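Understanding the architecture of this molecule
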Amino acid sequence: MTWYISYIALYFILMFSMGIYYFFKVKTYDEYLIGGWNTNFWPIVGTIISTWCGAAVFIGWVGMGFTVGLSGYFKFALPGILFCLLLIVAFAGPLRRQRLYTIADLFGERFGEKSGIIPSVLSAFIYSVPTLALQMIGMSSIFTIALGIDVNTGIALSFVLIVSFTILGGLPATIITDAIQSIIVIIGIIVLAISSINFAGGFENIIANTPADYISPLGAEGLGSVLLYALSVGPFYIIWQSTWQRIFASKSEQVAKKAGVTGFIIAGLISILPYTIGVIARQFVPTDMDPDLIFSYVTAELLHPAIGGIVFIGLLAALMTGATSFILQGSSNLTRDLYQRLVRPNANNKQLMFSARISVIIISLLGLIAAYFVTNIETAYQWALRLSATVLVFPFLAVMFWKRVTKKGMIWSMISALIATLSWPYLGLNIDHTIFGFSVSILTLVIISLLTRHDNSEQVRAVYWNDLNSANPSETRSEQ
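In this report, we go over the structure that sits alongside the text. These figures come from a predicted structure and were not determined experimentally. Position numbers for residues start from 1 in each chain and track the written sequence from start to end. A pLDDT threshold of at least 70 governs which residues receive local features in this predicted model, and a stricter bar of 80 or more applies before side-chain atom pairs are shown or counted, although totals over entire chains, interfaces and linings include all residues. Side-chain numbers come from the whole structure's heavy atoms, not from hydrogens or water.

Here, a salt bridge means any Lys or Arg side-chain nitrogen found within 4 Å of an Asp or Glu carboxyl oxygen. A complete count under the given rule lists four salt bridges for this structure. Across the pair Arg110 and Glu458 runs a salt bridge, and its minimum N-O distance is 2.8 Å. Here Arg110 is found in helix α6 (residues 103-111), whereas its partner Glu458 is found in the loop between α20 (433-451) and α21 (473-479), with 348 residues between them in sequence. The exposure class of Arg110 is buried, given its relative accessible area of 0%. Counted as one network, the salt bridges with shared partners bring together Arg97, Glu253 and Asp467. Counting from the N terminus, the helices are DSSP H or I runs at least four residues long and the strands are E runs at least two residues long. Exposure categories follow from relative accessible area, calculated using a 1.4 Å probe and restricted to protein chains: below 20% of the type maximum is buried, above 50% is exposed, and the middle band is partly exposed.

Structure, rendered in C-alpha cells:
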C-alpha cells in the first residue's frame, strides 16, 4: 500500500501544481473554456488519447471483454474511433473556422440564440453528468483497492479532487496535463496487457483455453448483433463535444486535422488492449465477479505494487482527464449556451469567468449525485451515447449540408427523436431502438423543414461551404 499511496500523492501534487499555475495564468473566458483557439499539435494529440481512455476504456471495456470477448472491440471501440476520424477528416476544417465553443453554439448561430437549448441540455446533463459520474466511480475503485477505503468515501474524495483541479486550471491545464498523462496511460495499459499474457501462459495457452466465441470478432451472436450495437454507439462520436472542443482549441485547421487523426489512430490501437485483458482474465478471475472490478482486480493481483502503482496511476490519469473534460463540456454549455446567450448577452469577461467556474461546481455536484446511483458503467455510457446521437446527428448533418433545413424542422426533429428514443422500451416495437430514433429524427426534420419557412433569426447557410458570422473574429467579439 505504501507504493500506491506514494504514487497517488505524487501524481496529485503534480496535477495541482499545474492547476495552480494556470489559475494565475488564465485571464480570459476564451482561454479557460477553449484554450484561446491556440493549442499546438502534440498537446491536442495527448488530450485526445487521454480523454478517449477514460472509465469506458479502462474499466468498462475490460469488463466488456470479460463478458462478451473481442467482439466488444468491433461493437464499441472501433465504430467510435471510425466516427471520430470521420468528424476530424470531414468536419474539422469548417467547424474550426466558425470559432465556436460548443455544439449547441453551432445551432444557436445557425438558427438563433434559443435554438441551442435542447443540444445544450443534452450535452450538459444527459451526457456530461453521467459520464462524469463514471469517472468518479472508476477513481473510487482505485482508492478502494489501492488505499482500502470504502466506495462511497472514494466517490466523495474523487469529487473533491476533480472539481478542485477543474476550477483552478480550466481547459489549458487539462490539455497540458493530458499530453503528459497520455504517456502514462499508454505505458500502463501495455504493462498490464503483457503481464496478463505472461500470467496466463502465453498466447497459445490462452487460445487453447478460451471459447472461440470470445476470440471471434463477431462473437456468439454474429454480424447482425455487432452492426446493431455499433450503430447504437458509433454515430454519437460525430457530435462528441470533447472532440469538438479539441477542434476549436487547435491553433489552426491543419493542426486540428493532423493532431485529431494522429490521436485517434493511437487511441484506436490502444483500445484493443482492454478487451484483450478482459478475455485473458477469464483464465484466472472468478466468472461471477463484477465486470467493472476486473481491471483493478487484475492489476492488484498480477503486479508488484511498484509496477501496479504505475498502472493505477495510468488509470487515475485517464479518469482524471476524462472527468475534467466532461465537466468543462457541461460548463461550456451552461455558460455559453444558456447564461451568455439567454440570460446576459452583454456579460463581461469577469462575469463569464465566474459563471464558468460556478457551472463547473454545478456539473460536478450533479455528477457526484449520479455516481451514487450508477450500477453498470457500460450500460449507462451506452444510453448517454444513444440518446445524444438520435437527437443530434441528423440535425447537425443538416446544418452542415442542407441549406433548406428550418428552425422549426430542427427543433421538432430533436423533440420527436428524444421522445421516440425514451419511449422505445415501452412500445414493444420490432425494430432496433437506434434505428427507430434515427428514423423519427430524419423524417421529422425533412418533412417539417419542407413545410415551413426560414425564421428571421436564421443564418440561412449550409455551413460546410458557407461560414457563419461567428467565423469573423470582429463580428464574434461584437456579439459577445
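We now examine helix α3 (residues 41-52). Expected helix span is computed as 1.5 Å times (number of residues minus one). Look at α3: 17 Å from first C-alpha to last across twelve residues, which is about the 16 Å you get at 1.5 Å a residue. Where burial is concerned, most of α3 is hidden: ten out of the twelve residues are buried. Those residues of α3 not exposed but buried are Pro43, Ile44, Val45, Gly46, Thr47, Ile48, Ile49, Ser50, Thr51 and Trp52.

This part covers the environment of Leu302. With respect to the secondary-structure elements, Leu302 resides in helix α15 (residues 294-302). Each C-alpha atom, one on Leu302 and one on Asn198, is 9.8 Å from the other, the two residues being 104 residues apart in sequence. By the convention used here, residues are in contact when the closest approach between their heavy atoms is within 4.5 Å. In this view, Leu302 contacts Ser195, Ser196, Phe199 and Phe284; residues no more than four positions away in its chain are not counted.

Where helix α7 (residues 117-147) contacts helix α19 (residues 407-427), the axes come no closer than 10 Å and their chain directions differ by 40°. Counted together, Ile118, Pro119 and Leu122 of α7 and Ile411, Met414, Ile415 and Leu418 of α19 form the full contact between these two elements. Its residues assigned to classes, the contact of α7 with α19 shows seven nonpolar, no polar and no charged. In this analysis, axes come from line fits to C-alpha atoms, helices being fitted only over the stretch in contact, and the angle between any two N-to-C directions falls in the range 0 to 180 degrees. Classification convention: Asp, Glu, Lys, Arg as charged; Ala, Val, Leu, Ile, Met, Phe, Trp, Tyr, Cys, Pro as nonpolar; all other residues, Gly among them, as polar.

Now for the packing of α3 against helix α13 (residues 253-270). For the pair α3 and α13, interaxial distance at closest approach is 8 Å and the crossing angle is 35°. In this structure, α3 meets α13 at a crossing whose hand is right-handed. Across the interface between the two elements, Phe41, Ile44, Val45, Ile48, Ile49 and Trp52 of α3 pack against Val255, Lys258, Ala259, Gly260, Thr262, Gly263, Phe264, Ile266, Ala267 and Ile270 of α13. For the contact of α3 with α13, the residue count by class is twelve nonpolar, three polar and one charged. Crossing handedness is defined as follows: a turn of the near helix away from the far one that is anticlockwise and smaller than a right angle gives a left-handed crossing, while the clockwise case is right-handed.

With that settled, consider unusual backbone geometry. Even without being glycine, Arg99 reaches a positive phi, approximately 50°. Mapped onto the fold, Arg99 is located in the loop between α5 (71-97) and α6. Taking relative accessible area as the criterion, Arg99 reaches 17% and is therefore assigned buried.

Next up on the list: the side chain of Ser242. Relative to the elements of secondary structure, Ser242 occurs in helix α12 (residues 241-249). For Ser242, a relative accessible area of 2% puts it in the buried group.

The next subject is the side chain of Ser271. On the secondary structure map, Ser271 appears in the loop between α13 and α14 (272-281). On the basis of relative accessible area, Ser271 is assigned to the buried category, the value being 0%. Setting aside anything within four residues of it in sequence, one finds Ser271 in contact with Trp52, Trp61, Tyr73 and Ala77.

Keep in mind that these numbers describe shape and distance, not what the molecule does.
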